[in-house]
Amino acid sequence: MQHKNHSPALSRRATLLLALAATATASTGAWAQAWPTKPVRLVVGYSAGGGVDAMARLLAPRLSAVLGQQVVVENRTGAAGLIAGDTVARAAPDGYTLMLGDSSLLIAQHLQPRMSFDPIKSFTPVAGVFTLPLVIVVNNDVPAKTPAEFVKLLRDQPGRFSYATSGVGTVHHLGFEMLKAKARSFVVHIPYRGASQIVPDVMSGQVPIGVVSATSAIAQARAGKLRALAVMNPVKLVGGEDIAPLSDALPGFSAVPRLYVLAPTGTPAPIVDKLSEALRTVMDAPDMAQVSAQQGAVPAYMPSGPLAADIVKESAEWGKVIREQGITAQ
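Calculation criteria
Residues numbered from 1 in each chain as written. Predicted model: local features only at pLDDT ≥ 70, side-chain atom pairs only at ≥ 80, totals over all residues. Heavy atoms only, no water. Helix = DSSP H or I, 4+ residues; strand = E, 2+ residues; numbered from the N terminus. Buried < 20%, exposed > 50% of the residue type's maximum accessible area, 1.4 Å probe, protein only. Contact = heavy atoms within 4.5 Å. Areas by Shrake-Rupley, 256 points an atom, 1.4 Å probe, with all protein chains shown as cover. Patch = residues over 30% accessible without salt bridge, like charges linked within 9 Å, V, L, I, M, F, W, Y side chains within 5 Å. Salt bridge = Lys/Arg side-chain N within 4 Å of Asp/Glu carboxyl O. Pairing = 2+ DSSP bridges. Axes fitted to C-alpha atoms, helices over the stretch in contact; angles between N-to-C directions. Phe/Tyr/Trp six-rings, centres within 6.5 Å; stacked < 30°, edge-to-face > 60°. pLDDT = per-residue confidence, 0-100. Arc of directions from axis to C-beta. Core = buried A, V, L, I, M, F, W, Y, C linked by side-chain atoms within 4.5 Å. Left-handed = near helix turned anticlockwise from the far one by under 90°. Nonpolar A, V, L, I, M, F, W, Y, C, P; charged D, E, K, R; others polar.

### Quick notes on the overall build of the protein chain
Summing up its helical and strand segments, the protein chain has 11 helices and 11 strands in all. In the protein chain, which comprises 330 residues, the share counted as buried stands at 49%. Taking the contacts inside the protein chain whose residues are at least 6 apart along the sequence as the reference set, 78% of them involve residues at least 24 apart. Carbon and sulfur atoms provide 55% of the accessible area of the protein chain, an area that totals close to 15,700 Å².

Here is the structure:
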């Protein structure tokens with residue numbers, strides 16, 4: 001059997017296609033080397049002065065110094081971060097519009113089925129940057145003084161206590177619901193419109209238990225006005241070493257908001273890699289742990305690939321809590 005020779009025309013076409021592909025790759029690489037040539041937007045879904053905004057404003061000047069271009073924080077508030085998410089998801093995938101996203105986007109996916117974007121498919125994860133540990137605080141009249149005593153108290157007296165969070169569907173809410181499931185107890189949820197009134201109400205006894213940021217908890221606890229009973233992730237806090245992790249009583253327990261930088265899907269890989277390495281440099285700064293601790297945050301750098309897998313895993317975990325606890329957006 002004789003083999004037919006390839007047509008010279010087909011061979012020339014294949015050669016041309018390969019040359020075009022190589023040219024496109026070289027062009028993308030050159031573009032990425034030049035990036036950024038103008039200011040970069042870092043979109044935040046919350047108002048100025050809040051926890052996520054504070055971390056964005058900590059990152060922006062440091063990232064500007066590394067990139068050689070100004071990084072500008074832009075607040076696009078509303079709908080628990082969904083307006084900001086929609087803004088970035090629709091932006092050109094050129095590396096000039098980024099988002100400092102948080103776990104609330106992944107939670108919303110399970111509570112808001114008609115979202116205009118997919119928090120996993122609509123973005124390319126660039127790098128994880130911080131965690132924002134949450135602390136369970138209790139009124140001084142609550143008898144439990146350790147995580148183990150607290151879990152036992154909830155188990156022994158289901159329905160007696162209530163707990164306050166900054167709203168339905170927040171990590172604060174779902175984290176405590178996870179605690180309830182693991183402790184096999186019932187505690188009434190009291191959603192607040194924001195976190196500012198929770199600590200005063202716990203101190204006064206209006207509500208016996210609250211879930212708040214570390215910064216909200218530590219100062220009042222040190223003043224003896226309430227008890228910072230447990231941190232909801234196993235990482236020791238800088239400046240909060242006296243707060244025991246809840247995992248002491250419930251091994252493996254972890255419920256902590258994460259912050260990560262996202263780019264629109266389709267952003268060229270060389271730009272994502274360059275930005276991720278710039279963020280690694282920022283997060284590795286010797287003073288970063290101490291400076292971020294003042295905002296109740298813990299540096300937690302994670303490169304793009306592992307972050308992408310971690311986001312999928314985290315989304316599934318929150319989805320499980322929502323389904324098992326019967327949580328709805330209303």
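And the narrative resumes.
### Section: a nonpolar patch on the surface
Side chains of F186, V188 and I190 sit close together on the surface and give an oily, nonpolar patch of about 230 Å² of accessible area. With respect to the helices and strands, the residue V188 is situated in strand β7 (residues 188–191). The class for V188 is partly exposed, based on a relative accessible area of 34%.

### Description of the sheet that holds strand β9 (residues 227–231)
Within a sheet, neighbouring strands are paired by backbone hydrogen bonds and run either parallel or antiparallel to one another. Ordered by their spatial adjacency, 5 strands build an open sheet running β7-β6-β8-β5-β9, and the pairing between neighbours is mixed. With partners counted over all chains shown, the strands left at the sheet margins are β7 and β9, one partner each. Each neighbouring strand pair of the sheet contributes to a mean axis angle of 30°, computed without reference to strand direction. Note: strand β5 (residues 134–138) against β9, 4 bridges, orientation antiparallel. Directly across from V135, in β9, lies its bridge partner V231. Along the sheet, helix α6 (residues 171–183) contacts β5, β6 (162–165), β7 and β8 (209–213); its crossing angle with β6, the most-contacted strand, is approximately 150°. Lying over the sheet, helix α8 (residues 214–222) contacts β5, β8 and β9, oriented at roughly 115° with respect to β8.

### Comments concerning the packing of aromatic side chains
Counting across every chain of the model gives 4 aromatic pairs. Consider the rings of W35 and Y96, whose centres lie 6.2 Å apart with planes at 55°: the pair is tilted. Taken together, the residues span a long stretch of sequence, with W35 in the loop between α1 (8–34) and β1 (40–44) and Y96 in the loop between α3 (82–89) and β3 (97–102) at a distance of 61 residues. A single burial state applies to W35 and to Y96, both of which are buried. Summarising the aromatic geometry, the rings of F150 and F176 are spaced 6.4 Å apart at their centres and angled 75° between planes, so their arrangement reads as edge-to-face. Remark: F176 occurs in helix α6 and F150 occurs in helix α5 (residues 147–156); sequence separation between them is 26 residues. Accessibility assignment for this pair places F150 and F176 in one class, buried.

### Description of the confidence of the model for the protein chain
This prediction gives the protein chain a mean pLDDT of 88; 88% of its residues lie at or above 70. The least confident element of the protein chain, judged by mean pLDDT, is α1 at 55; the most confident is helix α9 (residues 269–283) at 98. Within the model, pLDDT remains below 50 along residues 23–27, and this stretch shows 0 contacts once partners closer than five positions in the same chain are excluded.

### Comments concerning the environment of Q295
Tracing the backbone shows Q295 in the loop between α10 (288–293) and β11 (298–303). The sequence separation of Q295 and L58 amounts to 237 residues, and the corresponding C-alpha distance is 9.5 Å. Setting aside chain neighbours within four positions, we find Q295 in contact with A54, M55 and T215.

### A short note on α5
Every buried residue of α5 is accounted for by P147, F150, V151, L153 and L154. Angular distribution of buried residues about the axis of α5 spans 160°; they occupy a single face of the element.

### Here's the deal with the pairing of β1
For β1, a buried count of 4 out of 5 residues is recorded, marking the element as mostly surrounded by other parts of the structure. When β1 meets β3, the two strands line up parallel, connected through 3 bridges. If you follow V43 over to β3, its bridge partner there is M99.

### Here's the deal with the nonpolar core
The nonpolar side chains of soluble globular proteins are, as a tendency, buried together. By size, the foremost hydrophobic cluster in this structure holds 49 residues, and its most contacted members are I136, F150, F176, L179 and I209. The residues contacting L179, other than those within four sequence positions of it, are I136, F150, V151, L154, L246, L250 and F253. Membership of the second largest hydrophobic core comes to 34 residues, among which are L63, L98, L279 and A297.

### Description of the pattern of salt bridges
Scanning the entire structure with this criterion turns up 9 salt bridges. A salt bridge links K152 to D156, with the nearest nitrogen and oxygen atoms 2.6 Å apart. Separated by 4 residues within a single helix, K152 and D156 lie in helix α5, roughly one turn from each other. Since its relative accessible area comes to 49%, D156 is described here as partly exposed.

### Considerations on the packing of α6 against helix α11 (residues 304–325)
Across the interface, α6 lies against α11 with an axial gap of 10 Å and an inter-helix angle of 65°. Of the two elements, α6 crosses α11, and the hand of that crossing is left-handed. Residue-level inspection shows V171, L174, G175, E177, M178, K180 and A181 of α6 in contact with α11, the latter providing W318, V321, I322 and Q325. A breakdown of the residues in the contact of α6 with α11 according to their chemical character gives 7 nonpolar, 2 polar and 2 charged.

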